[in-house]
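Each chain, written out:
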Amino acid sequence: MADISANFLGIKSPNPFWLASAPPTDKKINVLRAYEAGWGGVVWKTLGSQVKNVSSRYSAVDYGGHRVMGFNNIELISDRPLDINLKEITEVVKLFPDRAMIVSLMADNNRAAWHKLIQQCEDAGAMGFELNFGCPHGMTERGMGAAVGQDPQIAKMVVEWVMEKATIPVITKLTPNVHSVVPTGRAAVEGGTNALSLINTIQSVTGINLDTLVPNPYVAGKSVFGGYCGPAVKPIALKMLTTIAQDELTSKVPISGIGGVSTWKDAVEFMLLGSTTVQVCTAAMKHGFRIVEDMCEGLNNWMDEKGYKTINDFIGKSVEKITHWEDLDINYHHIAHINQDKCIHCGLCYIACEDTSHQSINLAYGKPYNTYSIKEEECVGCNLCQLVCPVDGCITMEEHRVAPEYINWKQWQAEGRALNDH
Amino acid sequence: MISNNRLSSQQYEQNFADIHPPFETQDAAMVEANRCLFCYDAPCMKSCPTSIDVPKFIKQITTENIKGSAHTIFSSNIMGAGCSKVCPVEKLCEGACVYNLMDEDPIPIAKLQRYATEKAMSNNWQLFQRKASIGKRVAIVGAGPAGLSCAHVLSRQGIDVTIYEKESKGGGLMTYGIAAYKVTPQFCEDEVNYITAIGGIDIKYNQALGKDITLQQLQQDYDAVYLAFGVGLARQLEIPGEDLKGVEDAISFIYELRTNNYASLAVGDKVAVIGMGMTAIDAATQAKRLGAKEVTMVYRRTQEEMPCTEHELHIAQLDGCNIIWLAAPKEIKGVDGKVTQLVCETMQLGEPDASGRRSPVPTGETIVLDVDMVIKAAGQMPFDALVNSNGIENKNGKVTINNAATNIVGVFAGGDCVNGGKEVVDAVQAGKDGAAAISKYLGISN
Ligand SMILES: Cc1cc2nc3c(=O)[nH]c(=O)nc-3n(C[C@H](O)[C@H](O)[C@H](O)COP(=O)(O)OP(=O)(O)OC[C@H]3O[C@@H](n4cnc5c(N)ncnc54)[C@H](O)[C@@H]3O)c2cc1C
Ligand SMILES: Cc1cc2nc3c(=O)[nH]c(=O)nc-3n(C[C@H](O)[C@H](O)[C@H](O)COP(=O)(O)O)c2cc1C
Ligand code: SF4
Ligand code: SF4
Ligand code: SF4
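Residues numbered from 1 in each chain as written. Chains lettered and ligands numbered in written order. Predicted model: local features only at pLDDT ≥ 70, side-chain atom pairs only at ≥ 80, totals over all residues. Heavy atoms only, no water.

Chemist: Any chance you could break down the overall build of chain A for me, citing the residues and the numbers?
Modeler: Per the secondary structure count, chain A includes 13 helices and 18 strands. Here the C-alpha radius of gyration of chain A, 24 Å, is about what a compact globule of 422 residues would show, namely 22 Å. Across its three principal directions, the C-alpha atoms of chain A cover 70 × 55 × 45 Å. Pairs at least 24 apart in sequence give 71% of the contacts found in chain A among residues at least 6 apart. Surface exposure of chain A reaches about 19500 Å², of which carbon and sulfur atoms provide 53%. When the 36 basic and 46 acidic side-chain charges of chain A are each reduced to a single mean position, those positions are 7 Å apart. (Helix = DSSP H or I, 4+ residues; strand = E, 2+ residues; numbered from the N terminus. Rg over C-alpha atoms; globule rule 2.2 N^0.38 Å. Contact = heavy atoms within 4.5 Å. Areas by Shrake-Rupley, 256 points an atom, 1.4 Å probe, with all protein chains shown as cover. Lys, Arg positive; Asp, Glu negative; His and termini not counted. Charge placed at Lys NZ, Arg CZ, Asp CG, Glu CD.)

Chemist: I'd like a rundown of the overall build of chain B, residues and numbers included.
Modeler: For chain B, the count of helices and strands is 18 helices and 17 strands. For 446 residues, the compact-globule estimate of 2.2 N^0.38 gives 22 Å, and chain B sits close to it at 23 Å. Dimensions of chain B, computed from C-alpha atoms along their principal axes, come out at roughly 65 × 55 × 45 Å. Counting every position in chain B, which comprises 446 residues, the buried fraction comes to 55%. For chain B, restricting intrachain contacts to residue pairs at least 6 apart in sequence, the fraction spanning at least 24 positions comes to 71%. Carbon and sulfur atoms form 47% of the exposed surface of chain B, whose accessible area is close to 19300 Å². Within chain B, the 52 negative side-chain charges are centred at a point lying 4 Å from the centre of the 41 positive side-chain charges. (Buried < 20%, exposed > 50% of the residue type's maximum accessible area, 1.4 Å probe, protein only.)

Chemist: An account of the interface of chain B and chain A is needed here, citing residue identities and associated values.
Modeler: Facing the 16 residues of chain B at the interface are 20 residues of chain A. When chain B packs against chain A, the two sides together hide about 1300 Å² of surface, and 62% of this comes from carbon and sulfur. The largest per-residue losses of area from chain B upon contact with chain A belong to Tyr40, Lys46 and Leu101 of chain B, which jointly make up 46% of the total buried on that side. The salt bridge involving Arg67 of chain A is made with Asp27 of chain B; its shortest N-O contact spans 3.9 Å. Applying the counting criterion to the chain B and chain A interface returns seven residue pairs in polar contact (both at pLDDT 80 or more). Secondary-structure elements contributing two or more residues to the side of chain B that touches chain A are helix 2 (26-35), helix 3 (43-46) and helix 7 (93-96) of chain B. Looking at the side of chain B that touches chain A residue by residue, the class counts come to ten nonpolar, three polar and three charged. (Buried area = accessible area lost by both parts, 1.4 Å probe. Salt bridge = Lys/Arg side-chain N within 4 Å of Asp/Glu carboxyl O. Polar contact = N/O pair within 3.5 Å; in protein donor to acceptor, adjacent residues only side chain to side chain. Nonpolar A, V, L, I, M, F, W, Y, C, P; charged D, E, K, R; others polar.)

Chemist: Can you explain the sheet that holds strand 17 (residues 411-413) of chain B? Please cite residues and give values.
Modeler: Residues and elements named next belong to chain B. The sheet built from five strands is open, its strands ordered 3-2-1-4-17 with parallel pairing. Of all the strands in the sheet, the pair left with one neighbour each is strand 3 (201-204) and strand 17. Between one strand and the next, the sheet's axes are offset by a mean angle of 20°, whatever the strand orientation. Alignment of strand 1 (residues 137-141) against strand 2 (residues 160-164), held across five bridges, turns out to be parallel. In the strand pairing of strand 2, Val141 is matched with Tyr164. Strands strand 1, strand 2, strand 3 and strand 4 (224-227) of the sheet are contacted by helix 9 (residues 145-156), whose axis makes an angle of about 165° with strand 2. (Pairing = 2+ DSSP bridges. Axes fitted to C-alpha atoms, helices over the stretch in contact; angles between N-to-C directions.)

Chemist: Quick rundown of the packing of helix 4 (residues 54-62) of chain B against helix 8 (residues 109-122) of chain B? Include the residues and the values.
Modeler: Residue and element names in this part refer to chain B. The interhelical angle for the contact between helix 4 and helix 8, taken along N-to-C directions, is 55°, at an axis separation of 10 Å. Considering the angle they form, helix 4 stands oblique to helix 8. The crossing of helix 4 and helix 8 is left-handed. Facing Val54, Phe57, Ile58 and Ile61 of helix 4, the residues of helix 8 in contact are Ile109, Leu112, Gln113, Tyr115 and Ala116. Taken together, the residues that form the contact of helix 4 with helix 8 break down as eight nonpolar, one polar and no charged. (Parallel < 35°, antiparallel > 145°, perpendicular 65-115°, else oblique. Left-handed = near helix turned anticlockwise from the far one by under 90°.)

Chemist: Any chance you could break down the site of ligand 1 for me, citing the residues and the numbers?
Modeler: Residue and element names in this part refer to chain B. In the vicinity of ligand 1 there are 35 residues, among which Val86, Glu165, Leu173, Leu209 and Asp416 approach most closely. Contacts to ligand 1 include Lys166, whose backbone N or O atom sits 3.2 Å from a nitrogen atom. Interatomic distance of 3.4 Å between a side-chain N/O atom of Glu423 and a nitrogen atom of ligand 1. Notes on ligand 1: free accessible area 980 Å², of which the protein chains cover 96%. Sorting the residues of the shell around ligand 1 by element identifies helix 9, helix 13 (250-259), helix 14 (278-289) and helix 18 (424-441) as the ones contributing at least two each. (Near = heavy atom within 4 Å.)

Chemist: Account for the site of ligand 2, with residues named and values stated.
Modeler: Residues and elements named next belong to chain A. Around ligand 2, 23 residues are found, and the nearest of them are Ser21, Lys45, Thr46, Gly260 and Thr282. A distance of 2.8 Å separates an oxygen atom of ligand 2 from a polar side-chain atom of Lys173. A distance of 2.9 Å separates an oxygen atom of ligand 2 from a polar atom in the backbone of Cys281. Expressed as a share of its isolated accessible area of 600 Å², the protein-covered part of ligand 2 is 99%. Applying the majority rule of atoms within 2 Å of the grid points places ligand 2 in the largest cavity. Elements with a minimum of two residues in the shell around ligand 2: strand 4 (41-48) and strand 6 (66-73). For the shell around ligand 2, the per-class residue count stands at ten nonpolar, ten polar and three charged. (1 Å grid on protein atoms, 1.4 Å probe; cavity = no way out; pocket = protein on both sides within 12 Å on 5 of 7 lines; lining within 4 Å. Sits in = over half its atoms within 2 Å of the grid points.)

Chemist: I'd like a rundown of the packing of aromatic side chains, residues and numbers included.
Modeler: Using the criterion set out here, one finds 18 aromatic pairs over all chains in the structure. When the centroid spacing of 5.4 Å and the interplanar angle of 45° are considered together, the rings of Trp302 of chain A and Tyr308 of chain A count as tilted. When sorted by exposure, Trp302 of chain A lands in the same class as Tyr308 of chain A, which is buried. Taking the centre distance of 6.4 Å and the plane angle of 80° together, the rings of Phe23 of chain B and Tyr115 of chain B count as edge-to-face. Of this pair, Phe23 of chain B sits in the loop between helix 1 (9-15) and helix 2 while Tyr115 of chain B sits in helix 8, and the two are 92 residues apart along the sequence. (Phe/Tyr/Trp six-rings, centres within 6.5 Å; stacked < 30°, edge-to-face > 60°.)

Chemist: How would you sum up the domain arrangement of chain A? Please name residues and give values.
Modeler: Here chain A is partitioned into domain 1 (6-319) and domain 2 (325-414). Taken over C-alpha atoms, the centre of domain 1 of chain A sits 40 Å from the centre of domain 2 of chain A. (Domains from an automatic or database assignment.)

Structural data, given as structure tokens:
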């Protein structure tokens, strides 16, 4: 049995799965249920000044019959009185001292407000803080949330205020609503943050009601941009995470990865790209807290299979595998191969390649089943056919190097070698 | 004893309820529609005799473009609604669905087709508009699937169509032959009305060719004639005792069933059904559903050679019909002119015959079944007298065609009267082929 526990700046949790700051961590009742289900920790729903929410609040993108592939919301930070939140935090920590209790903060934009909030939360029993510099809606209009996260200078200043006061670890949560998360990440590290987390939600319009012509979510005939999250944002989150994990400065602090984590596999990917813990919101909102069971078991089994004893054995292992395009090996080549025994003759590979790629698949007419085969000399190895094939392992990409030696684009160009081979 | 009124009205209703119920909700249809892979040059489409673009109409269900979906179906098959209820899909589209190759259940294509077409019919979406009349007139004989399909295509092109139908209702065997638990009389009527709503199609009922009208007259009055009168007469067994009371042919048995209320229909206690085709299955299951205590099907070959599909066999078996393989009827015995026994000779399989199936050879032994009713489903015979008397070239009564044209100039034919009896969907395609040939003959470029 592998050890799946996490140690994040001294904050321990029995597993690396935390609930992100959001409705699942909004109240004692939710958090107790989460802990009973087995979650390693929570980031308590963001506390700050008093706000008022609207109705409705959420909308989603469904795809191919699957609900909530992407999710968006226009909710604000906690709309419950601060003293109730603090009291509940104390009670929860007492009942579950072995779980991580991070409290998310978004104070008014002045030093005194931040200091006061930090004091109150530390007194309540918080083990760490997460600074919410990411909320893309509602709070920015008040100079908070993403308004802070989008301006590295302001971010640095606020982090400095926080670091003056805080005696427990501080994580700065980054907004993805910037062209690069690195400048704010660096500013936060320069300001003294102990760790980073990312991503918060991405501004979005999920869709429009074609009867009323009002976009979602609907509030009295109007809508606003909502924060997008869920499985749809995972690839973007992973990319942003990578840029933080690869930057000289930001890579020095631990990272908590967020954005579309739904399964143990997603979590492992975030960890391979440098996250020590991962945070989950949408998946829990869609399925409830019970999903953590398989997350723990799946992670455990995978680690056993691969021989990893602790999560530190694999955290960050894929970071160096993402390189620059100009460093890729141009002599590498692979060609699609169709396993005729597995093929179900759906023709999806053919039409994809024929219409939109390189006309590299041959169709031999049959009634009712056509036979498809690869024209090896035409195939550029783009993967499209393999990606669209509905049968697992039916199309494989087989390595056929053009030449044994490594050569990258810069060398290729320097040698004046031929271009446009297709 | 042969008697009617065997069951309560509730039991009748239950026994003849829709055998393939529709999707109850849009969500249910969506789950299945979303499973469809949207295959290219799809095997299901190639296995539909009318070549309905199955992936396209299913995709249109997933995008909630139900009108478009129905249009896709009806453009290839104007009886797409009826076909969704009666097609033997396990040997057509669904049998070819690629999911079979993954050992997964195929997409329920017919059920999805029904989903879209039912919406179109119940909302009375008229998805086709006929061109203005071009002054050409075509007569069609028979308002069955072939005739109606031909009529619809012709009318779309602005041709004025008159259909002469010997019965008082349209739909052909859809209305008079197909099992009652597949389609209701109301549905058949609605379908005919939905098809003819395009306009330009005038059905004259109770008009039989050879009795009320002549081919000569039609040739004179119209620019072209399309023969779609199907096959009619039940084949005789040519064994002693066929004239005893209690011996019926399946076609008339089902005709009665489709045109009367269930309670009025008489059925025996112990019924023997001869044959193992679709008609035999329908007769056996419906006899059982009318309240017969025991139904036994006898077939002279084995399950390997049976003409019905496995799926149909299962319907009969699930209804509790007994099946005796390798038994050929030899004689029907009776007392006081009423059936009491069916004597069968047991068979064994010999060499393959012309159809490639191993032919049964008598063993010399006989078995005797105590029965009070015998339903013969030994196939139907073409209207050879009608065909011959009009000088139409034919093969054993089946009209010979070349690209839908008969040997008589301006006279075309298709459907069961040509193929000797296949499925509704084949007749619909034949109607389309006939319309294309007629348009060409009339010099209409389309
Ligand atoms: C018992 C039984 C069950 C069947 N079950 C199925 C099934 O489940 N699924 C399926 O797909 N197929 C089934 N079929 C086959 C299917 O019904 C036929 O293939 C199809 O109806 C043929 O269409 P058609 O238009 O060629 O002929 P028909 O449907 O036979 O239509 C011919 C029309 O012409 C009329 N007519 C005949 N003679 C004359 C005349 N002299 N003058 C004027 N009008 C005339 C008839 O009254 C009829 O309306 C079944 C057939 C039978 C007998
Ligand atoms: C309804 C809702 C409310 C949220 N509220 C907060 C919040 O108060 N503070 C915060 O830092 N993030 C908030 N988030 C963002 C999540 O913490 C998380 O960063 C984001 O949803 C991405 O993770 P996911 O893809 O697992 O949902 C909220 C998200 C949702 C869906
Ligand atoms: S890898 Fe790309 S180019 Fe090659 S056959 Fe597949 S789709 Fe076509
Ligand atoms: S996509 Fe896969 S299963 Fe479909 S035809 Fe191509 S190789 Fe066969
Ligand atoms: S073969 Fe099956 S999966 Fe493919 S298009 Fe037809 S119904 Fe859909």
